[in-house]
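Take a look at the letters that make up each chain.
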Amino acid sequence: MDINNRYSSIDQIAGRYILPQNQNNSNIPRDGISFEDILNQKKFGEIKFSKHAGERLATRNINLTDEQLSRLNEGTKLAEEKGIKESLMIMDKMAFIVNIPNNTVVTALDTEATLNNVFTNIDGAVII
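Treat the numbers as computed from the prediction; the structure is a model and nothing was measured.

Scoring rules and cut-offs
- Just so you know, the residues in each chain are numbered from 1, in the order the chain's sequence is written.
- Thresholds applied to this predicted model are a pLDDT of at least 70 for local features of residues and 80 or more for the giving and counting of side-chain atom pairs; totals over whole chains, interfaces and linings are not thresholded and use all residues.
- Water and hydrogen atoms were dropped before computing side-chain values, which therefore reflect all heavy atoms in the structure.
- Strands are runs of DSSP state E lasting at least two residues, helices are runs of H or I lasting at least four, and both sets are numbered from the N terminus onward.
- Exposure is judged per residue with a 1.4 Å probe applied to protein chains only, and the accessible area is read against the type maximum: over 50% gives exposed, under 20% gives buried, and values in between give partly exposed.
- Contact definition: two residues touch when any of their heavy atoms are within 4.5 Å.
- Strands are labelled as partners when DSSP assigns at least two bridges between them.
- In these notes, a set of buried Ala, Val, Leu, Ile, Met, Phe, Trp, Tyr and Cys residues joined through side-chain atoms within 4.5 Å is what counts as a nonpolar core.

Undergrad: Give a description of the overall build of the protein that names residues and reports values.
TA: On a plain count of helices and strands, the protein comes out with five helices and five strands. Reading the protein from its N end, one meets helices and strands in the order α-α-β-α-α-β-β-β-α-β. Put simply, the protein has 128 residues, and 27% of those count as buried. Counting only contacts in the protein whose residues sit at least 6 apart along the sequence, the fraction spanning at least 24 positions is 57%.

In C-alpha cells, the structure reads:
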C-alpha cells in the first residue's frame, strides 16, 4: 500500500495520534495536585542534614524545633530563588551552611562555635 493512501485526511491522523478532548489526559491532575505542585514539593522538600551536620548538632547540643526547621526550609527557598548555591543561614544565634541544590545542611554552629569563625565557600547569606 502506498503511504500517501493510508489516511485520507489530517483528522484521521490526529484522531489516531492525538487524544480527543473528551478522553482522559494523563497531564490532568487526578487528585487536584498539578505537576508543578509535585515538582515544587520534591524540589523544596524537607531540608536534610548531612552526617557531619548531624554530628555537629549532637555534639553542640543543638535541638531544632519544628518552627526552626520550617524557617530553614523557607530560607532555602529564598536562597534558591536568588541563585545561591552555598548559603550561610543565620537563625536564633545559630549558623548553618546549606548546600541549596541538594537541600542539605552541611554543618551547624552555635553561638560559641561562630565566634571568630571565617565562613568560606559560600556565595550568599540568609538571615532567618
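Now that the structure has been shown, the text picks up again.
Undergrad: Summarise the sheet that holds strand β3 (residues 94-99); cite the residues concerned and give the values.
TA: Pairing is mixed in the open sheet, where five strands are placed in the order β1-β4-β3-β2-β5. Two strands close off the open sheet at either side, each with one partner strand: β1 (48-49) and β5 (124-127). As paired strands, β1 and strand β4 (residues 104-109) are joined by two bridges and run parallel to one another. Looking at β4, one finds that Phe49 is bridged to Val105.

Undergrad: So what's going on with the nonpolar core? Residues and values would help.
TA: In terms of nonpolar packing, the biggest core is built from 16 residues, with Leu72, Ala79, Met89, Phe96, Val98, Ile100 and Val105 touching the most fellow members. Sorting the residues of this core by element identifies α3 (51-59), α4 (66-81), β2 (86-91), β3 and β4 as the ones contributing at least two each. Here the element with the most residues in this core is β3; it accounts for three residues. Within the second largest apolar cluster, five residues are counted, among which are Leu88, Ile97, Leu109 and Ala113.

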